[in-house]
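Now for the letters of each chain:
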Amino acid sequence: MQVRHGFPYQPTALAFDPVQKILAIGTRTGAIRILGRPGVDCYCQHESGAAVLQLQFLINEGALVSAGSDDVLHLWNLRQKRPAILHSLKFNRERITYCHLPFQSKWLYVGTERGNTHIVNIESFILSGYVIMWNKAIELSTKTHPGPVVHLSDSPRDEGKLLIGYENGTVVLWDLKSKRAELRVYYDEAIHSIDWHHEGKQFMCSHSDGSLTLWNLKSPSRPFQTTVPHGKSQREGRKSESCKPILKVEYKTCRNSEPFIIFSGGLSYDKACRRPSLTIMHGKAITVLEMDHPIVEFLTLCETPYPNEFQEPYAVVVLLEKDLIVVDLTQSNFPIFENPYPMDIHESPVTCTAYFADCPPDLILVLYSIGVKHKKQGYSNKEWPISGGAWNLGTQTYPEIIITGHADGSIKFWDASAITLQMLYKLKTSKVFEKQKVGEGKQTCEIVEEDPYAIQMIYWCPESRVFCVSGVSAYVIIYKFSRHEITTEIVSLEVRLQYDVEDIITPEPETSPPFPDLSSQLPSRSLSGSTNTVASEGITRDSIPCLNVKTRPVRMPPGYQAELVIQLVWVDGEPPQQITSLAVNSAYGIVAFGNCNGLVVVDFIQKTVLLSMGTIDLYRSSDLYQRQPRSPRKNKQFIAGLTELNDSPVPLELERCKSPTSDHVNGHCTSPTSQSCSSGKRLSSADVTKVNRWGPGRPPFRKAQSAACMEISLPVTTEENRENSYNRSRSSSISSIDKDSKEAITALHFMESFARKNDSVISPCLFVGTSLGMVLIISLNLPSADEQRFTEPVMVLPSGTFLSLKGAVLTFSCMDRTGTLMQPPYEVWRDSSHVDENEKSWRRKLVMNSPSLSQEIGDHQYTIICSEKQAKVFSLPSQTCLYVHNITETSFILQADVVVMCNSVCLACFCANGHIMIMSLPSLRPMLDVNYLPLTDMRIARTFCFTNEGQALYLVSPTEIQRLTYSQEMCDNLQEMLGDLFTPIETPEAQNRGFLKGLFGGSGQTFDREELFGEASAGKASRSLAQHIPGPGGIEGMKGAAGGVMGELTRARIALDERGQRLGELEEKTAGMMTSAEAFSKHAHELMLKYKDKKWYQF
């Protein structure tokens, strides 16, 4: 079961049902999104994946016609919660260019690239034998082909007349009954669109030279009026200045005011820097609305669905390349409506995500109350006009929150409850840093060349409301939540973390030499001072952070307020490596993070660094790989970068530098680990220098580096380069290989556990997982009394306990001996900014979640550890491996998490080969293995995340979030929460046209399309022209979906009801015609009596 949120990626088409009031958007990837009132949001997909060229609603019929770039027409049934295709029609010899379905008609006009017009029966989806050939429509004397059909519409005055627009400027009014052209119009500029005046006497064309022409049917030889709205005024007799093409125009009339002429494009060429615009002409007033993105399509929403009545436009829906806006036409300043859909997920490219199900119930209300104060103002005060469909809450709902991190440093909190998505609160992390001056950024922030504030990792504790982020520029910010505004200075720490070792091939365990004494060889690890000066050109940079924290007091509004900023600094001319793992614990008051150099542990209560240690030093004298310390490399190291678009080609020697467990997926090397060259060859500095495409004066900046990662070559289109270029850290095991084979910290987890083997008492611990599959336990010695926590130091020491797995470690979790999941300890939230300093010590309320320790001798805790290749369950404190499961041999795990589903604890894994696997805990028995989604894009890998209750999400495109569930119970509940796209609404009655209008307004009321287009009169179309394909979906609900006798009876009953309804309508029309005839007879008799005795000269 899947639900999709966000803006439809790469939109191409737009349609609106004015009675049902629902909107449909088609995309280049073959997707269709149907939107109604908030909560009514449906996603459906063409199996072919062909781009959607055009969409047409069967107004108030609960159906939709889509035309694709593969020249196939599809009829979608919208009378069910999941739309399904009822019929398809494949054109074999002609390309579809335009479709038109008249209101309350079952015959669809289809224009083609060859200039022909075909007619399709909507009910049977079979082609009629009636065809309008292009050579019959134009004059015989015309020597050139008129081009593709760009417009089709029937006359509002007479439904028996069809207006056909050709690309070269030819317009033909075709009489369907007599099968001939009633009039022809020629213009020397290409036509882009046409729209009728509601009376059917005039129509307007938009052209490629930026002009609008108004044509009168009585004088088709020349335009009744020609204007270039944005052209410079010229002297009389001279042609107006050409402008950019007007891609679409709509001509809408009003009963009590001047008509609206709305068009896109048409700006002057000398205003090349102006943004795309929509122009609204109302009387003599011309308003130009500039857009942030190119306009794809727009539609004017009108009060009536009948084309022959005053249209009374009230809004314009504008579909942009990356946004959807609705303009209010009823107010003179044309404000826009506030969009209730989450269409701004991609406002800045998403770089990471987090998903929290079953959150504390008050969080959503609290975040919304803070975020609503910062909402934009100036929206229209009217209700959102796209209000169709019906939606209700399911039987089982609980609070859900999605957090997205973005390239500009912003964080967005979303309410994701009940399959909806609404933004609650936005946090801008870049506000803690000074704005970089021009030229300054190149000197300090060289980890990335753009987006230095991009969010890389998110860690949130909903219970304590402590929030922590790490950024691409090697910084960590800790936030605390407060309801009150404060003004304070931002506390910052600068940490020096650099530790390199020689790359020695891993020896056999039995031949490993003893580890040497490192006390005299270890490089110093210290907290640098407040050195913020930028080194001048040519001088080695040292102890300089990538960004400068604001030193002046900063006003912090209610919400999340920065508590502490921690930055890694340059060391000996080398920039800091990006952070690959992050964990925070509010009960301990400690934050830990690591990269490929080592581990940092910081006390954010006392604002001190507790540990800054290289990875190799964490082992002390028990390093299994026997690596030697060394001085910093002379050649520049590879630095992680979320915003790097493309890597330079990797030499063959470097490509071979994979672990023995490396594998290939779709022909691409996808090694999850890399310790040493499989051939036993070490790379010289000259080999590495070949990769340095920046030259000796500047270090190369590549994607996120760690010792155990993969190098994947995936095809990325030009439009997606920037959105797809953001690489997540090793917490999700997606980053590039550090060719120099460092051991990165890939996973961190705080827990009340047993630090050493056979310990009898639990204590605060930090579990550390590395890229070589090693697990280390760090012991945390906290002050015993809570009031001493603010003054007494915290001791942090490696315990000497080591566990090992195959592949980089991804996640940890703990269970007690009863099989209950143990959550990390946390501090209950309180608004610390509104508490006196004297009260802080004794008001801390901690929830420790410790395992129950019985008097029996034995183990009291299970520890679950999952790596890229396998999962293991250890029993503590004995450290016995109880269960082991090799999850994959041919691929590797991208994301793993321990989740609660149906009151059971499970291990959920997403594999690079597309499989979602669920295993029971602690036994690690496989419960589910579904081939869901192959890894086709890095975006999927870095944003995929699991949460409780059997749910997960990922960024399916740069603008859309895909939510999915693998729980049957959740799937059933979601089915109830899906909105209904179709609701029974009575079609509004047509306005009374009056007797004289009915008499002289044309013969549209008596036009019978069935008689003209049916098989009896028009014959059958050529079988080779189009092929009918039955749809895979059935009819549901009122249409009756099932096969068999009951389904047939249901369809028969519905058919009888529809027939009776049509007969009733026919009877009403007959009675109306009789009344009109009687009125005409009476009126004619009165005229005869009035004028029968008058002479001719008396008239």
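Before reading further, recall that the structure is shown in the block above.
Residues numbered from 1 in each chain as written. Predicted model: local features only at pLDDT ≥ 70, side-chain atom pairs only at ≥ 80, totals over all residues. Heavy atoms only, no water.

A few words on the overall build of the chain. Scanning the chain for helices and strands turns up 13 helices and 68 strands. Contacts in the chain between residues at least 24 apart in sequence constitute 61% of all its contacts with a sequence separation of at least 6. (Helix = DSSP H or I, 4+ residues; strand = E, 2+ residues; numbered from the N terminus. Contact = heavy atoms within 4.5 Å.)

This part covers the nonpolar core. The biggest cluster of nonpolar side chains holds 36 residues, and the ones touching the most others in it are Ile-403, Phe-413, Phe-467 and Tyr-560. In terms of residue count, helix α2 (residues 362–371) provides more of this core than any other element does, 5 residues in total. Not counting the four nearest positions on each side in its chain, Phe-413 is found in contact with Leu-367, Ile-401, Ile-402, Ile-403, Gln-422, Met-423, Leu-424, Tyr-425, Trp-460, Phe-467 and Tyr-560. In terms of nonpolar packing, the next biggest core, distinct from the first, is built from 23 residues, Ala-583, Ile-590, Phe-750 and Leu-776 among them. (Core = buried A, V, L, I, M, F, W, Y, C linked by side-chain atoms within 4.5 Å. Buried < 20%, exposed > 50% of the residue type's maximum accessible area, 1.4 Å probe, protein only.)

Applying the stated criterion across every chain yields a total of 28 aromatic pairs. Here Trp-107 and Phe-1013 contribute two aromatic rings whose centre-to-centre distance is 5.5 Å and whose plane-to-plane angle is 70°, an arrangement assigned as edge-to-face. Linking Trp-107 in strand β11 (residues 107–112) with Phe-1013 in helix α11 (residues 1009–1013), this pair joins segments that are 906 residues apart in sequence. Judged by relative accessible area, which is 1%, Phe-1013 ranks as buried. Both rings, one in Tyr-130 and one in Phe-1013, keep their centres 5.1 Å apart while their planes meet at 75°; by these two values the pair is edge-to-face. With Tyr-130 in strand β13 (residues 126–132) and Phe-1013 in helix α11, this pair connects stretches of sequence that are 883 residues apart. The exposure classification of Tyr-130 matches that of Phe-1013, with both residues buried. Put simply, the rings of Phe-356, Phe-413, Tyr-425, Trp-460, Phe-467, Tyr-479, Phe-481, Tyr-560 and Trp-829 touch in pairs and so form one group of aromatic residues. (Phe/Tyr/Trp six-rings, centres within 6.5 Å; stacked < 30°, edge-to-face > 60°.)

With that settled, the discussion passes to the sheet that holds strand β52 (residues 774–781). If you trace the 4 strands from one edge of the open sheet to the other, you get β50-β51-β52-β53, paired in antiparallel fashion. With one partner strand each, in any of the chains shown, β50 (745–753) and β53 (795–804) form the two edges of the open sheet. Within this sheet the neighbouring strands show an average axis-to-axis angle of 25°, counted without direction. Here strand β51 (residues 763–770) runs beside β52; their pairing, made up of 5 bridges, is antiparallel. Paired with Phe-767 across the bridge in β52 is Ile-777. (Pairing = 2+ DSSP bridges. Axes fitted to C-alpha atoms, helices over the stretch in contact; angles between N-to-C directions.)

Moving on, we get to helix α9 (residues 968–977). Every buried residue belonging to α9 is among Met-970, Cys-971, Asn-973, Leu-974 and Met-977, and all of these are buried. Taken down its axis, α9 places every buried residue within 165° of arc, on the same side. Contact partners of the buried residues in α9: β66 (951–957) and β67 (960–965). (Arc of directions from axis to C-beta.)

Okay, unusual backbone geometry next. Each neighbour pair has its own omega, and for Leu-876 with Pro-877 the value is 15°, a cis peptide bond. Looking at where Pro-877 falls in the secondary structure, it is placed in the loop between β59 (870–876) and β60 (880–886). Cis geometry marks the peptide bond from Leu-921 to Pro-922; its omega dihedral reads 5°. As for its position among the elements, Pro-922 is in the loop between β63 (915–920) and β64 (926–931). Look at Asp-572: it is not a glycine, yet its phi comes out positive at around 50°. Looking at Asp-572, the relative accessible area reads 43%, which means it is partly exposed.

A separate point is empty space enclosed by the protein. In this structure the tally under the stated criterion is 7 cavities of 30 Å³ or more. If you add up the space inside the second largest cavity, you get close to 70 Å³. Together, Gln-2, Val-3, Arg-4, Asp-41, Cys-42, Tyr-43, Arg-82, Ile-419, Gln-962 and Leu-978 line the second largest cavity. Going through the elements one at a time, β1 (2–6) and β5 (41–45) are the ones with two or more residues in the lining of the second largest cavity. (1 Å grid on protein atoms, 1.4 Å probe; cavity = no way out; pocket = protein on both sides within 12 Å on 5 of 7 lines; lining within 4 Å. Points joined across faces, edges and corners; volume = space filled by probe spheres on them.)

With that settled, the discussion passes to the pattern of salt bridges. In total, this model carries 29 salt bridges according to the counting rule given. Asp-572 is the salt-bridge partner of Arg-496, the closest N and O atoms lying 3.7 Å from each other. Taken together, the residues Arg-496 in the loop between β37 (492–495) and β38 (500–501) and Asp-572 in the loop between β40 (559–568) and β41 (581–585) connect sequence positions 76 residues apart. Across the pair Asp-603 and Arg-789 runs a salt bridge, and its minimum N-O distance is 2.9 Å. On the criterion of sequence distance, the pair formed by Asp-603 in strand β43 (residues 598–603) and Arg-789 in the loop between β52 and β53 is long-range, its members being 186 residues apart. Of the two residues, Asp-603 and Arg-789, both sit in the buried class. The structure contains a network of salt bridges with shared partners spanning Arg-4, Arg-33, Asp-41 and Glu-960. (Salt bridge = Lys/Arg side-chain N within 4 Å of Asp/Glu carboxyl O.)

Looking now at the pairing of β59. Along β59, 7 of the 7 residues are buried, which leaves the element largely enclosed by surrounding structure. Burial along β59 is two-sided: Gln-870, Lys-872, Phe-874 and Leu-876 and Ala-871, Val-873 and Ser-875, pointing in opposite directions, are all buried. Pairing between strand β58 (residues 861–867) and β59: 6 bridges, direction antiparallel. Bridge assignment links Cys-866 to a residue of β59, and that residue is Ala-871. Here β59 runs beside β60; their pairing, made up of 6 bridges, is antiparallel. Residue pairing across strands places Gln-870 opposite Asn-886, the latter belonging to β60. What sits between β59 and β60 in their antiparallel hairpin is a turn of 3 residues, with Gln-879 showing a positive phi close to 60°.

Here we come to α2. Leu-363, Ile-364, Val-366, Leu-367, Ile-370 and Gly-371 are the residues of α2 that are buried. Along α2, the residues classed as buried sweep out an arc of 165° about the axis, all on the same side. Tucked into the core, α2 has its buried residues touching β30 (400–406), β31 (410–415), β32 (422–428), β33 (455–461), β35 (475–482) and β40.

Function cannot be read off these values alone, since they describe shape.
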